[in-house]
Structures are given as structure tokens and as C-alpha cells.
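# Architecture at a glance
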Amino acid sequence: MIPLCCALLLPGCNGHNTRAARRFIDEHVARIAPVAQAANLAYWEAATSGEAKAYDRYAELELQKRRIYSNPEEYAFIKKMKEQGGLKDPVLAREIELLYLSYLPNQMEPELLREITSLSAEVEKQFSTFRGTAGKKRLTGNDIEAILKTEKRTAVRREAWLASKQVGAAVAPDLLRLVRLRNKAAQKLGFRNYHALSLAAGEQDQKELDKIFEELYDLTNAPFFALKQQLDAELAQRFHIRIEELQPWHYQDPFFQESPMLQDVDLDGYYAGKDVKQLAARFYQGIGLPIDSVLIRSDLYEREGKNPHAFCTDIDRAGDVRILCNLTESERWMETMLHEAGHGVYSYYLDRSLPWLLRQEAHAFTTEAIANFFGRLSRNPWWMEQMLGLPPEQRLKLEQVSGTYARLKQLIFSRWAMVMYEFEKELYADPDQDLNALWWTLVEKYQGIKKPAGRDEPDWAAKIHFTIAPCYYHNYVLGELLASQLHASLVKSVLPEGGGKSASYVGSVQAGAWLRSRVFAAGALYPWDEMIKRATGEPLTARYFVAQFVN
Ligand SMILES: [Zn+2]
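Residues numbered from 1 in each chain as written. Predicted model: local features only at pLDDT ≥ 70, side-chain atom pairs only at ≥ 80, totals over all residues. Heavy atoms only, no water.

## Quick notes on the overall build of the protein
- Assigned secondary structure in the protein consists of 22 helices and four strands.
- Taking the principal axes of the C-alpha coordinates as reference, the protein spans close to 75 × 55 × 45 Å.
- Expressed as a percentage of its 551 residues, the buried residues of the protein come to 53%.
- Across the protein, contacts joining residues at least 24 apart in sequence account for 75% of those joining residues at least 6 apart.
- For the protein, the accessible area works out to roughly 24,700 Å², and carbon and sulfur atoms hold 52% of it.
- Here the protein contributes 68 positive and 72 negative side-chain charges, whose respective centroids are spaced 1 Å apart. (Helix = DSSP H or I, 4+ residues; strand = E, 2+ residues; numbered from the N terminus. Buried < 20%, exposed > 50% of the residue type's maximum accessible area, 1.4 Å probe, protein only. Contact = heavy atoms within 4.5 Å. Areas by Shrake-Rupley, 256 points an atom, 1.4 Å probe, with all protein chains shown as cover. Lys, Arg positive; Asp, Glu negative; His and termini not counted. Charge placed at Lys NZ, Arg CZ, Asp CG, Glu CD.)

Here is the structure:
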């Protein structure tokens, strides 16, 4: 039972509050931990088997979790403890803080929440069933992608690009309704809008994020436009037009978010005939973070009915960590294997003596950072040289191409992510403004792409993330920045003199130990910004990302 009497306690009654908070947490964990574990297992079973029964069980268990977190009396108790509890034990105070953050977004009015959930499912369905058309032809996402990658005729590209935006016009009215509903629910909880609520629930602050994004903008501005000029010159030549005539459909993908293919990069060849799983196992063993007990429980190869993507899951916060992959002998799957195993070592090497509530990663983006940190190694020439036994001349060749590729990829992605961050912030701040115009203003400012003359369509709404993963996109960027900051810190503090640029981490037990003690062990004991300061000696900054990929 919930010690409701405590909600009436006078502030300052510390001993009593401490006992009440402790009791509440113990009872809460006794209820939530088994449901969370069962839900994780059901999801695992669903993803590995594709069975409808498992999906149903997963949905039911998620609902059970949500019921626990939406209890208003419990929320009131936690909020009171957080604000007036005077809890002296920092671990206990942190547990209460994390509970507050879990309960907060679930306090939306039940009626509103139902409306939001069903409308967002509706828009998501529209996304999965909608097909754009070019002339009389219906185009799938893959068709559009293929055309923008290879097609030489501008008219065909234009049609494909226009088709890719049609879903935007189809979903925009519902999506806007969804944004207003989300805002209404957030405002009832005392927040400016839904964007502010989402950030608060993730312990993020708009001013703090703005600062990081501004820094990234300033530091990438000149290099990005220099690179874009080069790229535009190449595109103009390829399509036999003048640079001023370039349109959004001349780029490689509908949003200009990916780097263009470079003819001379074929990294897959290096992984043909290699055992990607064994390479990962050997590498992690070598840095003192063995993943054998993760691999034993994992499901790594393609099978009928199985989820075709990849993920890592911590089933019980007690060492049952599993990876789902669909490995083939390719660079992409080497990257994915290293990436998922990065999530895996973070979860697996958490300090298991931490209380259950703190036995999780500091933030979704900090585990993404570790995953990116390791995933990047699959095309690191020095890593490839050592792990694949390449002769030095091949490594030299790789150095030339993979450096250019990484630079292109990171620069283009970071500018695109700025559009997403700024737009989403504005979308929730004022959904009634001229969003179609705003979108193109931002695209031009950050990506240097001009709006096609006279266009006034909801092109922004064609990006599915606004629907299914609202107010989350910025975390992809933060994950990249942190991966670079950790790399810089490691180079400075544990790698041998001059090992910076050519750091491969192969066999570096010190690097493994550093990550384990400075990042993994703490779990969620500290908020993400404090964890980063403790680990690297300074707040999260874009500087190291820029140093690694841009300059
Ligand atoms: Zn990931």
C-alpha cells in the first residue's frame, strides 16, 4: 500500500520522510520489476519469433506498467517527497527523482492520453500504408530511394521527390491535431508545451540544448558550406545544369540527410569471409569487456519471421542482456554488431550493487554514444588493419577514403539534425504559424537547399519522427557529440602518446576499464550532464566532434 499519510507530513520531518520514501520505493520496485522483466521477455519473444501472441502479451504488460506509472496519488506523494522531502541520502533522493520523471509524462488526463495514443497510431498507420504516386505509378519508399540514388533524368527525380512529400500533405491535418493535443495535455501538467514536457522528462533543458546546438552550428557552418559548394559543383556537372539550377531532388535522398555515395568506398569487401560475431567477441575480450554471456543469450542470424533490424535489450537489470541482429559478412553488420554490443557492455557492466531504479543507463543518448563510439570502429582503418590482418598499404588506402566519407556523413547529418531540432521546437511553441514557410527557411539556413519556386506544402510532415518519436531527434546528435568527447578524453588520458588519430582501441584494456569505471558503473546515479562532467572533466560540447570529423 502507498503510505498516503506521508503526503500530509510537515516538511523537515527527515527521518520519517526517509523511511516513507524508502518503503514506497521498495514496494514500487517489488511491483514494477517483475512486470518490466516480463514485458522485456515478451518483446524479445515477439521480435525473435514474430508470433502475434507474444506481441499481444507485450502490449498487455506495457499497459500494466503504464497503469502503475499513471497513479495520481503515488505521483503526488513522489512530487511532495522530491520538493519538500529534505532527503539527505543522495542515492535515495536520486531514486525519488527518477521515479518522478517516470510518473510525470504518464500523468496526462486519461481521456486526453487515449485520444493522443489512438490519433498517433492512426497517423502512423497512414505512414505505413500511404504510397506516393508519380504520374500513374505508385512508388514505395524503396522505389523513391533507388531513383534519388541512381536516376540521371531530372524530370524523373523531380517526380520521385514530389511523391516522397505527398504523405506530408496527407497526414499534416491529423499531425497538427496531434501536436495541439500533446500541447494541451502538457499544459495541464503545468508545462509551456509538449516539447518542454518531453525535455523535462528526459532531464534536458532547452537553454542547455540550444547552447550545444548553437556551438555545433557555429563550428560546422564554414566547413559545411565549403563542402556543399564542392558537392553542388559535382551534382551540377552530373546533371548538366548550372549550380543555381540545383533543386532539392538533385540530392541523394528526400531530406538531404545522408552523405552521397562515393564510388571508391567498398568496405563490404573487407568483411567478406569474416566472422563478424567472432570479430566483435575478440575485440571486446581484448579491451577487458568480454561479451560472451551476452552472446550466449543473443539471436544473431536471419530467420523467417524474425525482426529484420537490430537492438539490444537489458531484460532484468541483473546481467541478462541480449542482442538481436541479422548478421551478414558486411561492413554494415560489423558496425551494427559493434554498436549493439556497445549498448550491451554499458548495461552488462553497470554496478549491480546499485538499487534497481538506478541500474540503468544515465540517458538514452549516453548509451547511444557508447554504441556509436564502438560502431564507428568498423571503418576505422587502424582497427581494420589489426582486426582483419590487413597489410599496411591497404590501411593507407582506407585512410584516404574512409576519412572523407566519415567527414561527409557527419557534417551532412549534423546540419540536417539542426533543422529537425529547431523546427520541432517551433512546431510545439506555435503550431498556428506558417509551418510550411518555416520549414524551408530552416532547410535553407542549415542545409543550404532552396525551396522550389512557389512551393507551399507541408513538406515537414513527411518526416515520420514528428509522429512516432516526438521531441527525440536531438538525442541522435548528442550521442554523436558524446562519442567524440569520450574518444578525446580517452586519447588524452589512457592511450599512448601520439595515439590520437590512429586510435584503434584494439587490446586496450585501459580504455575498457576507463569506460567501465567512468561511464557504465554509475548507471543512473547522476543526471547525464553530471556524469559527463565527472567522466570527461567538462560539460557536453560539440568541440570534440568537430575536431574529430570536421577540421
Ligand atoms: Zn543504438
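## Observations concerning the environment of S484
- If you trace the backbone, S484 turns up in helix α19 (residues 474-493).
- Those residues within four positions of S484 in sequence are excluded, and the remaining contacts are R376, Y544, F545, Q548 and F549.
- There is a polar contact of 3.2 Å between the side chain of S484 and the side chain of R376. (Polar contact = N/O pair within 3.5 Å; in protein donor to acceptor, adjacent residues only side chain to side chain.)

## Thoughts on the pairing of strand β4 (residues 321-324)
- Here β4 shows a buried face lined by V321 and I323 and a second buried face lined by R322 and L324.
- With antiparallel pairing between neighbouring strands as the criterion, strand β3 (residues 311-314) and β4 make up a hairpin whose turn holds six residues, including R317 at a positive phi of roughly 55°. (Pairing = 2+ DSSP bridges.)

## Side note on unusual backbone geometry
- Unlike most non-glycine residues, R317 shows phi in positive territory, near 55°.
- One can find R317 in the loop between β3 and β4.
- The residue Y505 is not glycine, and still its phi comes out positive at about 65°.
- Along the chain, Y505 falls in the loop between α19 and α20 (509-520).

## Comments concerning the coordination of the zinc ion
- Distances from the zinc ion to its protein donors, H339 (NE2), H343 (NE2) and E368 (OE), fall within 2.0 to 2.1 Å.
- Summarised as a motif, the one-chain spacing of the donors to the zinc ion is H-x3-H-x24-E. In this pair, H339 is assigned in helix α13 (residues 331-348) and E368 in helix α14 (residues 364-375), connecting sequence segments 29 residues apart.
- The exposure class of H339 is buried, given its relative accessible area of 15%. (Donors = N, O, S within 2.8 Å, 3.2 Å for Na, K, Ca; no water.)

## Re the pattern of salt bridges
- If you walk through the whole model with that rule in mind, you get 32 salt bridges.
- Among the salt bridges present, the one from R297 reaches D320, with a minimum N-O distance of 3.5 Å. Note that R297 is positioned in helix α12 (residues 292-297) and D320 in the loop between β3 and β4, a separation of 23 residues in sequence.
- A relative accessible area of 11% means that D320 is categorised as buried.
- In this structure, the salt-bridge partner of E530 is R534, at a minimum N-O distance of 3.2 Å. On the criterion of helical spacing, the pair formed by E530 and R534 is a turn pair, its members being four residues apart in helix α21 (residues 528-536).
- Residue class for E530 comes out partly exposed when judged on its relative accessible area of 32%.
- Within the structure, one salt-bridge network assembled from shared partners comprises R22, D26 and E95. (Salt bridge = Lys/Arg side-chain N within 4 Å of Asp/Glu carboxyl O.)

## What about the nonpolar core?
- Ranked by size, the top nonpolar core spans 160 residues in total, and within it F283, F374, W439 and W460 carry the most contacts.
- The dominant element in this core, judged by the number of residues it contributes, is helix α16 (residues 392-429), at 15 residues. (Core = buried A, V, L, I, M, F, W, Y, C linked by side-chain atoms within 4.5 Å.)

## Concerning the packing of aromatic side chains
- Summed over all chains, the structure comprises 35 aromatic pairs.
- Ring geometry for Y473 and Y476: centres 5.0 Å apart, planes at 90°, overall edge-to-face.
- Taking relative accessible area as the criterion, Y473 reaches 5% and is therefore assigned buried.
- Y476 gets classed as partly exposed once you look at its relative accessible area, which sits at 30%. (Phe/Tyr/Trp six-rings, centres within 6.5 Å; stacked < 30°, edge-to-face > 60°.)

## Examining the environment of A20
- Tracing the backbone through its elements, the reader meets A20 in helix α1 (residues 14-49).
- For A20, a relative accessible area of 1% puts it in the buried group.
- Along the backbone, A20 and M81 are 61 residues apart, and their C-alpha atoms lie at a distance of 9.2 Å.

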